[in-house]
Amino acid sequence: MYLFRPVCKAYSFSSYSPIISTRMMNCLLLSVLISFVYLIVSLSISMLHEPKDTINAYFSSSSQDQPQSLTEIDHIVFGIGSSLNSWPERRDYVKLWWDTQRMRGCVFVDQPLSALENNTDSHLLPPICVSEDTSRFRYTCQGGDRRAIRIARCVLETVRMFNTSAHEVRWYVFGDDDTIFFPENLARTLSKYDHRSWYYIGAASEIYESNRVFGNDMAFGGGGIALSSSLANVLAKNFDSCIERYPYLYGGDSRIHACVLELGVGLSHEPGFHQFDLNGNALGILTSHSTRPLVSLHHMSHLDPFFPNSTTFSAVQHLFSAVELDPLRILQLSICYHRRYSWTISVSWGYTVQIESRHMFLRDVLRTQQTFRPWQSFGGLASVYTFNTREFNHDPCKRPVTFFMEYVSSNPGDGTIKSVYKQAYENCTYDPISSPRKIEEIRVFSTRLDPDIRQLKAPRRQCCDILHNSIEGKVMEIAIRECKEDEFIYMQP
């Protein structure tokens, strides 16, 4: 009952309580004030010594909130990985898309070229740069090639070369010497992104097994890799020390991927970049292209010529004749139907028109015809692709009738673009009334495709119409147009 009373009496708590409370409060306030002053001083000192390209500077920059103009070709710097052996065979492909008046960049080779090789058509090609020595770096990937280190370091060497350029650099784009870029489409695609933020852009392989081995979230180098300048400048500062941690990786693109991941940046996937890990006839994948612009092609030496009676190079050159007039429309797919004959007509602009002599729903048309062969033999996974496929009949007479682009012309008066497609004949018997094989030529009319940023971010497929009185003879005429707001693409009843 009296257990606690002596304690209370000994300390005279009731007499000194106000004094103790006041002293404790003063001490507490003083401690808070000192802590606050210390925090302010520490932050001020750290900000004085903060590098320009740190995360704090990156996020706090007021320029991030300012609108930017469209990215142009001359805002892009290219780094092309090549070698003394491969460059003479592949330089003509680079010449197809390189514009010396508007483009900047370098082709990196392992050894100096001979005077003759370096001077031949050099005014039509990027400058040649000899890569730095990479013998000090370890490479332990069994069955790989240590040249991958040199190719990866194209990132570092390109940034060092151009980051002090007087002309603005927004993007660094890297590829192989057999990567074919479509520059206008590349620039317009990159315009969707703010180069002042950190972006790592590209696409994975078409093969499931390649992605499983190397990374489904990796931009494959043959299809092209785009790095925003803000990311590339930071990446280059410590790139060598980063790739030292990955001697076991196979390729240069794997090393770039690993180092970008260490900076906390993931892949922004753009389906217009094409690794093309395929063999043989690419018709199926070309005629089912995404609504995104075509940005790149790769591995031409592994593919059949895109057009009949052509070499591989002349076929690509022929494709570029359409690209020159309407680059953003190239390979864009429009579907229309002929109700009387139940034909399904697919226009892959600048490449082919195909007519199926049966009705097909749009979702089935968009499946990729498996015209190609697997890249390598991976057992049961060799033919597992990252897109939906449909059968390509072994009997040519049961396949869709295919018309290949003959030429493209433009009317400067009204801006109409006419592309003409001729039938690739097969020795087939057919009904001369109802078979699409009776058509010899298809003429497609359109206007130049010029989507704004909003349309690029949310693209919509365009519609097409069969023009009246153009199907009873040997010539069919088709017009491509924007779909109406509530228009569905299907065979009208």
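Residues numbered from 1 in each chain as written. Predicted model: local features only at pLDDT ≥ 70, side-chain atom pairs only at ≥ 80, totals over all residues. Heavy atoms only, no water.

Asks: I'm lost on the pairing of strand β1 (residues 76-81) in this one. Help?
Replies: Each regular strand displays side chains that alternate between the two surfaces of the sheet. A large share of β1 lies buried, amounting to 6 of its 6 residues. The alternating pattern of β1 places I76, F78 and I80 on one face and V77, G79 and G81 on the opposite face, and all of these are buried. Where β1 and strand β4 (residues 171-176) come together, 6 bridges link them in parallel fashion. The residue bridging F78 from the neighbouring strand is V173, located in β4. Taken together, the 5 bridges between β1 and strand β2 (residues 104-109) define a ladder with parallel strand orientation. Looking at β2, one finds that I80 is bridged to V107. (Buried < 20%, exposed > 50% of the residue type's maximum accessible area, 1.4 Å probe, protein only. Helix = DSSP H or I, 4+ residues; strand = E, 2+ residues; numbered from the N terminus. Pairing = 2+ DSSP bridges.)

Asks: Would you mind going over the packing of aromatic side chains with me for this structure?
Replies: Two aromatic rings are characterised by how far apart their centres lie and by the angle between their planes. The final tally for this structure, using the stated rule, is 21 aromatic pairs. An angle of 70° between the planes, with centres 5.8 Å apart, marks the rings of F78 and W98 as edge-to-face. Within this pair, whereas F78 is found in strand β1, its partner W98 is found in the loop between α4 (87-97) and β2, the two being separated by 20 residues in sequence. Between the aromatic rings of W171 and Y193, the centroid separation amounts to 6.5 Å while the plane-to-plane angle is 75°, which identifies the pairing as edge-to-face. With a gap of 22 residues between them, W171 in strand β4 and Y193 in the loop between α8 (183-190) and β6 (200-202) connect regions that are remote in the sequence. This pair shows no difference in class: W171 is buried, exactly as Y193 is. One aromatic cluster in this structure is built from F78, W97, W98 and F181. (Phe/Tyr/Trp six-rings, centres within 6.5 Å; stacked < 30°, edge-to-face > 60°.)

Asks: Quick question: what am I supposed to make of α8 here?
Replies: Where burial is concerned, most of α8 is hidden: 7 out of the 8 residues are buried. What α8 keeps buried is the set P183, N185, L186, A187, R188, T189 and L190.

Asks: What should I look at first to understand the sheet that holds strand β8 (residues 267-269) in this one?
Replies: Spatial strand order, β3-β2-β1-β4-β7-β6-β8: 7 strands in an open sheet with mixed pairing. One side of each edge strand has no neighbouring strand; the edge strands of this open sheet are β3 (128-130) and β8. When the angles between neighbouring strand axes are averaged without regard to direction, this sheet yields 25°. With 3 bridges connecting them, β2 and β3 associate as parallel partners. When the bridges of β3 are listed, F108 appears paired with C129. Sheet contacts for helix α10 (residues 229-237): β4, β6 and β7 (225-228); angle to β7, the most-contacted strand, approximately 90°. (Axes fitted to C-alpha atoms, helices over the stretch in contact; angles between N-to-C directions. Contact = heavy atoms within 4.5 Å.)

Asks: Can you walk me through the state of the cysteines in this structure?
Replies: Each disulfide is one covalent bond, formed between the sulfur atoms of two cysteines. One pass over the full model with this rule turns up 5 disulfides. Across a sulfur-sulfur distance of 2.1 Å, C242 and C259 are joined as a disulfide pair. Disulfide C242 to C259: torsion about the S-S bond roughly -110°, handedness left-handed. Of this pair, C242 sits in helix α11 (residues 239-243) while C259 sits in helix α12 (residues 252-262), and the two are 17 residues apart along the sequence. The side chain of C397 participates in a disulfide bridge whose partner is C428; the two sulfur atoms lie 2.0 Å from each other. Linking C397 and C428, the disulfide has an S-S dihedral of approximately -90° and is accordingly described as left-handed. (Disulfide = S-S within 2.5 Å.)

Asks: In this structure, what is going on with the packing of helix α7 (residues 154-162) against α10? I would like to understand it.
Replies: Two elements in contact, α7 and α10, have axes whose closest approach is 9 Å; the angle formed by their N-to-C orientations is 115°. As the angle between them shows, α7 and α10 are arranged roughly perpendicular. Judged by the sense of rotation from one axis to the other, the crossing of α7 with α10 is left-handed. The residues of α10 that touch α7, namely those facing V155, L156 and V159, are A232, N233, L235 and A236. Of the residues that constitute the contact of α7 with α10, the class distribution is 6 nonpolar, 1 polar and no charged. (Parallel < 35°, antiparallel > 145°, perpendicular 65-115°, else oblique. Left-handed = near helix turned anticlockwise from the far one by under 90°. Nonpolar A, V, L, I, M, F, W, Y, C, P; charged D, E, K, R; others polar.)

Asks: How should I be thinking about the side chain of D194 in this particular structure?
Replies: Mapping D194 onto the fold places it in the loop between α8 and β6. In terms of polar contacts, D194 uses its side chain to reach the side chain of R196, at 2.8 Å. (Polar contact = N/O pair within 3.5 Å; in protein donor to acceptor, adjacent residues only side chain to side chain.)

Asks: So what exactly am I meant to see when it comes to the packing of α4 against helix α14 (residues 312-323) here?
Replies: Angle between the axes and distance between the axes: these two values describe a pair of packed helices. Put simply, α4 and α14 touch, their axes get as near as 11 Å, and they point 5° apart. Relative to α14, α4 is oriented roughly parallel. Of the residues in α14, those in contact with D92, Y93, L96 and W97 of α4 are T312, F313, V316, Q317 and F320. Residues that form the contact of α4 with α14 fall into these classes: 6 nonpolar, 2 polar and 1 charged.

Asks: I keep staring at the nonpolar core and nothing clicks. Help me out?
Replies: Generally speaking, soluble globular proteins have nonpolar side chains that are buried together. Counting 76 residues, the largest nonpolar core has F78, W97, L297, F306 and I442 as its most contacted members. Per-element accounting of this core gives the leading share, 6 residues, to α14. When residues no more than four places from it in sequence are discounted, the contact partners of F78 are W97, W98, M103, R104, G105, C106, T158, V173, F181 and L186. F137, C154, F239 and Y246 belong to the second largest nonpolar core, which has 41 residues in total. (Core = buried A, V, L, I, M, F, W, Y, C linked by side-chain atoms within 4.5 Å.)

Asks: I'm lost on the sheet that holds strand β20 (residues 463-466) in this one. Help?
Replies: Note on sheets: strands pair through backbone hydrogen bonds, and any given pair is parallel or antiparallel. The 8 strands lie next to each other as β11-β12-β13-β17-β18-β19-β21-β20, forming an open sheet whose pairing is mixed. Of all the strands in the sheet, just β11 (333-338) and β20 have a single pairing partner and so form its edges. Taken over all neighbouring pairs, the strand axes of this sheet differ in orientation by 25° on average, direction set aside. The pairing of strand β13 (residues 352-356) with strand β17 (residues 401-410) spans 4 bridges and is classified as antiparallel. Along β17, the bridge assignment pairs T352 with F404.

Asks: Looking at this structure, how should I read the pattern of salt bridges?
Replies: Two side chains of opposite charge can pair, provided their charged atoms sit close to one another. Going through the model one piece at a time under the given rule, you end up with 27 salt bridges. Here R147 ties to D145 by a salt bridge, and the two come within 2.6 Å at their closest N and O atoms. Across the pair D450 and R188 runs a salt bridge whose closest N-O atoms are separated by 3.0 Å. Of the two residues, D450 sits in the loop between β19 (441-447) and α16 (453-457) while R188 sits in helix α8, which places them 262 residues apart along the sequence. Overall, the relative accessible area of 54% leaves D450 in the exposed class. A single network of salt bridges, built from pairs that share partners, joins E132, R136, R153, E157, R160 and D240. (Salt bridge = Lys/Arg side-chain N within 4 Å of Asp/Glu carboxyl O.)

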